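Listed below, chain by chain, are the residues.
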Amino acid sequence: MNLYRLYGLIFFLSLNVFGQHQAEKIYNAIDSFTANPSAEALQNLKNTESDFWKTANPKTKDELLAIVILNCNKAYYENQFGQNLEAVKSYEKAWLLYQKNKLSNYDIIEFCLKPLGNLYTILGDYENAENIIKQYYFIANLEKNQLQKTAAILNLSNVYQNTGNIYKAIDLIEKTIQTEKLSAVQKGVLLNNLGTNYVLSAKKSEAENSFLKAVSLLKNDKTQSETLANAYRNLAQLKLDQNDFKKASEYFEKAKTEFNKNPKREPRKIGQFYYEAAFISFSEGDIIDAQKNLEIVYKTLLPNYSVSKNRLPNENSLYAETVLLDALDLQALIYLSENQPKNALKSYGFAFKIEEMIQSLLVYENSKIISQVRNRNRTEKCIEIYLSLYEKERNANYIESAFLLSEQTKSAVLKKHLKNIETISREEKLILQQLQNWSTTILKEQQKLEAADISKINEAVKKQNELMLLLKTKQNKTNQNTNSKLDLAKLYEKLEKDKAVLIEYFFGNHCIYNFTLENKKITLHKIDTDHKAFPELLSFIELFKDPSAISSNPKKYNILGNKVYQKLQIPKIGKHKNLIIVPDGILSFLPFEALVSETSNTSNFTKMHYLLDKFDIAYNNSAELYLNANALSNGTTNVLGLFPIFEKTNYALRFSKNELESIKHNFDGQFFENGDATFLNFKNNAIGKSIIHLSTHASSGDLETPASIKFHDGEILFSELYSLQLNPDLVVLSACETGIGKLYKGEGAMSIARGFQFAGAQNLLFSLWNVNDYTTSVFMDYFYKEIKHDSSFVQAAANAKRAFLKDENIPNAKKSPYYWSAFVYYGTLEQPEKSSNYIYYIISFLAVIGLFLGFNQYRNGKSSRNSQNRELQKNKV
């Protein structure tokens with residue numbers, strides 16, 4: 001008998017008379033379906049549930065439990081039939097009902113939470129996976145269920161693996177093996193997982209030992225043929241990486257023997273197995289065998305697949321499945337080996353489509369960003385194909401296609417958030433804010449390490465999970481496709497209007513691509529990151545970590561700065577004075593203004609030849625954000641300034657007062673000093689301000705600790721800024737490292753600046769390293785004077801740097817690029833409307849109205865003129 005049905009019937013015996021009929025009807029529907037399951041018959045279960053919710057009668061716990069069991073059954077088979085996203089929704093619905101109604105007498109871990117956590121992991125929804133796994137670990141621990149605890153640890157390790165937290169995964173498994181009472185099988189399963197983690201941390205010998213130990217513990221248990229097959233497959237992959245093809249084949253044959261011992265294998269596991277077989281064949285150069293194995297993958301996962309001329313499945317049959325995604329990526333490599341680049345692009349196109357389906361499921365930022373890694377790798381291969389096709393055919397459309405693909409990877413999560421926030425309901429915004437609050441609670445508690453309150457974390461995880469499930473129900477009702485293709489014609493037009501050149505970089509695994517948009521065309525440069533180029537770039541960026549590194553060796557700076565300038569293929573000065581840089585990867589930490597366009601022997605920093613001399617430079621996260629930027633507001637500049645200063649402390653900002661006085665001298669606004677410079681005052685007064693200026697301390701954090709900024713009443717994490725709704729013309733972050741944080745290629749740094757971008761700020765001035773209190777105050781004085789004189793923000797930033805270099809009161813050592821190039825401007829090139837013009841327009845408009853009214857009244861005769869005169873007298877008063 002089906003286990004789901006067995007659990008249901010055990011509880012069914014204890015049902016009261018009320019609700020028996022409805023619950024029995026649901027159980028009968030489950031029995032009928034599981035006797036002959038099919039994708040078409042799933043509709044019967046959906047109809048049964050729909051009929052249940054249509055009745056107005058109060059729902060008993062017995063009936064609700066029956067619906068939970070129905071959804072768990074439905075989810076299990078939806079997953080079997082390749083309907084992964086539907087399966088996730090069904091499991092989520094079951095878990096939400098089970099929690100909300102405080103149901104019991106059902107193994108919710110085994111039949112709902114474990115498969116849901118696994119699905120989240122498979123689909124790349126790692127944050128949800130981690131939350132669910134931690135929840136059922138907590139439940140299993142309370143119930144002292146060692147089997148489910150071990151499963152939770154194993155699955156949590158898989159999440160850590162996929163999110164790059166390898167050492168966290170290793171520590172988790174090693175501690176479990178050392179401290180828990182485990183059976184031989186449990187230990188073997190954990191050792192197999194540990195071996196995978198060792199491989200990812202480049203500990204190949206430890207990995208092999210771990211896999212071999214797992215084999216010895218598992219091979220005598222006939223129920224573990226599938227796990228044993230996994231261990232052999234891992235050994236095969238390890239040998240493949242070492243180019244030991246003979247040994248790899250031997251281990252894979254053993255894996256195949258064990259794998260075939262289980263006749264009731266899930267389609268997905270069959271597909272995964274044959275994908276690995278295809279990959280091994282391809283690695284050995286056996287393209288024919290690789291293709292045969294791929295066709296088995298297609299037939300297994302796509303029942304209606306039939307071999308066509310180009311071997312690809314029908315585009316309409318694709319669904320959210322990572323094995324299918326991997327198969328299509330491998331198919332593209334096979335096409336390339338057969339010199340069929342256009343078919344390879346088509347295969348990659350199908351893979352992009354599946355990736356988009358998977359990403360539509362994700363809620364949490366981290367999961368969305370990590371999922372972009374696969375897209376990045378695929379995009380790099382496509383750019384290389386387009387470049388090779390262009391070199392053969394000289395068709396500019398290939399370069400444009402390559403650029404559009406690159407652009408799709410640029411701050412994709414940020415762009416989607418900014419589009420969504422315009423369309424989602426107030427209720428969804430509130431749920432997102434609460435989700436973020438619970439995430440912050442978890443993070444801050446975890447930072448206490450040994451002193452962390454585990455029960456507080458578990459409660460926060462539970463609340464977060466409830467909110468996530470609620471948010472998904474709202475999103476399903478209002479879900480809109482926010483993807484749109486960049487309009488190149490409009491982009492060219494805007495660049496011409498702004499008199500600008502745009503360079504977009506794509507930092508790949510093997511090279512850097514430079515897309516230069518100028519004079520209504522795109523030029524693509526491929527920059528090899530050979531053994532010399534990359535160290536030079538790193539060495540140049542390293543110079544800005546220490547203020548004495550440049551001033552003590554200007555010659556080294558001159559040489560390195562020029563080499564990096566030449567390597568990055570920056571255009572010479574032409575008819576355009578403005579340069580827009582869309583950086584990528586570590587280039588996000590590079591101050592392009594400070595690159596040296598021409599070497600010299602001078603040690604006088606004012607006389608060096610910087611890129612700053614050639615261009616006014618603005619940065620942006622993507623060409624799309626540049627193109628679609630909101631217009632600046634008209635009217636008087638109104639500043640919100642916060643200056644905690646931190647007097648009488650070890651981290652006092654003495655020259656922050658100079659900044660304050662300089663801004664006050666130039667602009668009106670609200671200014672909070674010392675104890676008044678609180679986060680609450682910031683939130684309460686930020687709306688409606690054209691410029692927000694924060695002069696304070698900040699930190700970029702590290703791999704474990706997120707970036708943060710200090711207010712007088714405490715430290716705020718960058719992600720706590722996300723839920724603010726800001727729309728200033730400019731945000732100035734006058735603090736250390738406000739543009740630095742954990743770096744993701746394409747998406748950028750998880751920095752304080754990103755926090756403000758998520759909150760809606762489009763134009764920002766922020767720092768790339770630790771800044772000097774005094775020189776920052778001097779730079780800001782020049783910057784705000786430029787804005788006062790109606791310079792655009794990009795002009796103000798560039799001219800302030802030039803003025804700083806020419807300032808005779810600043811000694812040469814302090815004119816090192818370390819001091820003047822720390823602040824970079826991201827945003828629009830738009831020129832603010834001059835305040836004098838604005839007043840002129842108002843006066844002119846009123847004058848026209850006055851003349852019109854005067855002419856009207858004149859025609860109405862003398863009495864009207866008298867009336868008009870009286871009215872004008874009033875207006876003057």
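Summary of the structure given here. As the structure is a prediction and not an experimental result, all values here were calculated from the model. (Residues numbered from 1 in each chain as written. Predicted model: local features only at pLDDT ≥ 70, side-chain atom pairs only at ≥ 80, totals over all residues. Heavy atoms only, no water.)

This paragraph deals with the overall build of the protein chain. A count of helical and extended segments in the protein chain gives 35 helices and 18 strands. The C-alpha atoms of the protein chain give 32 Å as radius of gyration, which agrees with the globular expectation for 877 residues (29 Å, within 12%). In terms of overall dimensions, the protein chain has a C-alpha envelope of 95 × 75 × 60 Å along the principal axes. Per-residue burial over the protein chain gives 52% buried out of 877 residues. In the protein chain, of all internal contacts separated by at least 6 residues, the share reaching a separation of at least 24 is 71%. Considering the protein chain, the positive charge centre built from 106 side chains and the negative charge centre built from 96 side chains are found 3 Å apart. (Helix = DSSP H or I, 4+ residues; strand = E, 2+ residues; numbered from the N terminus. Rg over C-alpha atoms; globule rule 2.2 N^0.38 Å. Buried < 20%, exposed > 50% of the residue type's maximum accessible area, 1.4 Å probe, protein only. Contact = heavy atoms within 4.5 Å. Lys, Arg positive; Asp, Glu negative; His and termini not counted. Charge placed at Lys NZ, Arg CZ, Asp CG, Glu CD.)

The next subject is the pattern of salt bridges. With the rule as written, the count across this model stands at 38 salt bridges. Asp-329 serves as the salt-bridge partner of Arg-378, at 2.8 Å between the closest nitrogen and oxygen. Within this pair, whereas Arg-378 is found in helix 18 (residues 365-393), its partner Asp-329 is found in helix 16 (residues 322-337), the two being separated by 49 residues in sequence. For Arg-378, a relative accessible area of 2% corresponds to the buried category. Among the charged side chains, a network of salt bridges with common partners joins Asp-329, Glu-355, Arg-374 and Arg-378. (Salt bridge = Lys/Arg side-chain N within 4 Å of Asp/Glu carboxyl O.)

Position of Ala-278 among the secondary structure elements: in helix 14 (residues 267-283). Measuring from C-alpha to C-alpha, the distance between Ala-278 and Val-373 comes to 23 Å, with 95 residues separating the pair along the chain. With residues near it in sequence (within four places) discarded, Ala-278 still touches Ala-290, Asn-293, Leu-294 and Leu-330.

Moving on to helix 13 (residues 245-259). Between its terminal C-alpha atoms helix 13 stretches 20 Å, which fits the 21 Å expected from 15 residues at 1.5 Å a residue. Regarding helix 13, the residues found buried are Ala-248, Tyr-251, Phe-252, Ala-255, Glu-258 and Phe-259. Along the long axis of helix 13, the arc covered by the buried residues comes to 115°, so they all point the same way. Packing partners of the buried residues in helix 13 comprise helix 11 (204-218), helix 12 (225-241) and helix 14. (Expected span 1.5 Å × (residues − 1). Arc of directions from axis to C-beta.)

As a further point, take the packing of helix 9 (residues 166-179) against helix 10 (residues 184-200). Remark: helix 9 packs on helix 10, axes separated minimally by 9 Å, with the N-to-C direction vectors making an angle of 155°. One way to sum up the angle between helix 9 and helix 10 is to call them roughly antiparallel. Taken as a pair, helix 9 and helix 10 cross one another with a handedness that is left-handed. Contacts from Ile-166, Ala-169, Ile-170, Ile-173, Glu-174, Thr-176 and Ile-177 in helix 9 reach Lys-187, Leu-190, Leu-191, Asn-193, Leu-194, Asn-197, Tyr-198 and Leu-200 in helix 10. Here the residues of the contact of helix 9 with helix 10 sort into 10 nonpolar, 3 polar and 2 charged. (Axes fitted to C-alpha atoms, helices over the stretch in contact; angles between N-to-C directions. Parallel < 35°, antiparallel > 145°, perpendicular 65-115°, else oblique. Left-handed = near helix turned anticlockwise from the far one by under 90°. Nonpolar A, V, L, I, M, F, W, Y, C, P; charged D, E, K, R; others polar.)

Another aspect to go through is the sheet that holds strand 13 (residues 714-717). Across the sheet, 3 strands lie side by side as 11-12-13; this open sheet has antiparallel pairing. The open sheet terminates on both sides in strands that have one partner only, identified here as strand 11 (698-699) and strand 13. Bridge analysis of strand 11 against strand 12 (residues 708-711) gives 2 bridges, and the strand direction is antiparallel. Considered in strand 12, the bridge of Ala-698 is made with Ile-709. (Pairing = 2+ DSSP bridges.)

What follows is about the packing of aromatic side chains. The tally for this structure, following the rule as stated, stands at 38 aromatic pairs. Centroid distance Tyr-298 to Tyr-305: 5.1 Å. Interplanar angle 55°. Geometry classified as tilted. Considered together, Tyr-298 and Tyr-305 belong to a single accessibility category, that of buried residues. Each ring, one from Phe-679 and one from Phe-682, has its centre 6.0 Å from the other, and the planes form 25°; the classification is stacked. (Phe/Tyr/Trp six-rings, centres within 6.5 Å; stacked < 30°, edge-to-face > 60°.)

Turning next to helix 5 (residues 84-100). The terminal C-alpha atoms of helix 5 lie 24 Å apart, and with 17 residues this matches the ideal 24 Å at 1.5 Å per residue to within 8%. Of all the residues in helix 5, the buried ones are Asn-84, Ala-87, Val-88, Ser-90, Tyr-91, Glu-92, Ala-94, Trp-95, Leu-97, Tyr-98 and Gln-99. Lys-102 occupies a position one or two residues after helix 5 and carries a positive phi of about 50°.

With that out of the way, let us pick up the side chain of Lys-689. By the secondary structure assignment, Lys-689 is in the loop between helix 29 (679-685) and strand 10 (691-695). There is no salt bridge for the buried Lys-689, and the closest opposite charge comes from Asp-668, which lies 12 Å off by N-O distance. Setting aside its immediate chain neighbours within four residues, Lys-689 contacts Asn-638, Val-639, Leu-640, Gln-670, Pro-728 and Asp-729.

A few words now on the pairing of strand 8 (residues 638-643). Burial within strand 8 is extensive, with 5 of its 6 residues counted as buried. Sheet topology note: the strand 8/strand 9 (residues 668-673) ladder contains 6 bridges and is parallel. The residue of strand 9 that forms the bridge with Val-639 is Gly-669. Tracing the backbone out of strand 8, into helix 28 (residues 656-666) and back to the parallel element strand 9 gives a crossover that is right-handed. Here strand 8 runs beside strand 10; their pairing, made up of 4 bridges, is parallel. Across the sheet, residue Leu-640 finds its bridge partner in strand 10, namely Ile-692. (Right-handed = clockwise from strand over helix to strand, strands pointing away.)

Attention shifts here to the nonpolar core. With 269 residues, the main nonpolar core has Phe-592, Phe-682 and Phe-756 as its most contacted residues. If one sorts the elements of this core by residue count, helix 4 (residues 61-80) sits on top with 10 residues. Sequence-distant contacts of Phe-756, defined by excluding residues within four places in its chain, comprise Phe-682, Leu-694, Leu-721, Leu-726, Val-731, Leu-733, Ala-761 and Leu-764. Within the second largest apolar cluster, 5 residues are counted, among which are Ile-442, Ala-452, Ile-457 and Val-461. (Core = buried A, V, L, I, M, F, W, Y, C linked by side-chain atoms within 4.5 Å.)

Relative to each other, helix 28 and helix 31 (residues 773-788) sit at 10°, their axes nearing to 8 Å. By the angle class used here, helix 28 and helix 31 are roughly parallel. In this structure, helix 28 uses Ser-656, Asn-658, Glu-659, Ser-662, Ile-663 and Asn-666 to contact helix 31, whose residues at the interface are Asp-773, Thr-776, Ser-777, Met-780, Asp-781, Tyr-784, Lys-785 and Lys-788. Residues that form the contact of helix 28 with helix 31 fall into these classes: 3 nonpolar, 6 polar and 5 charged.

By themselves, these figures tell us nothing about what the structure is for.
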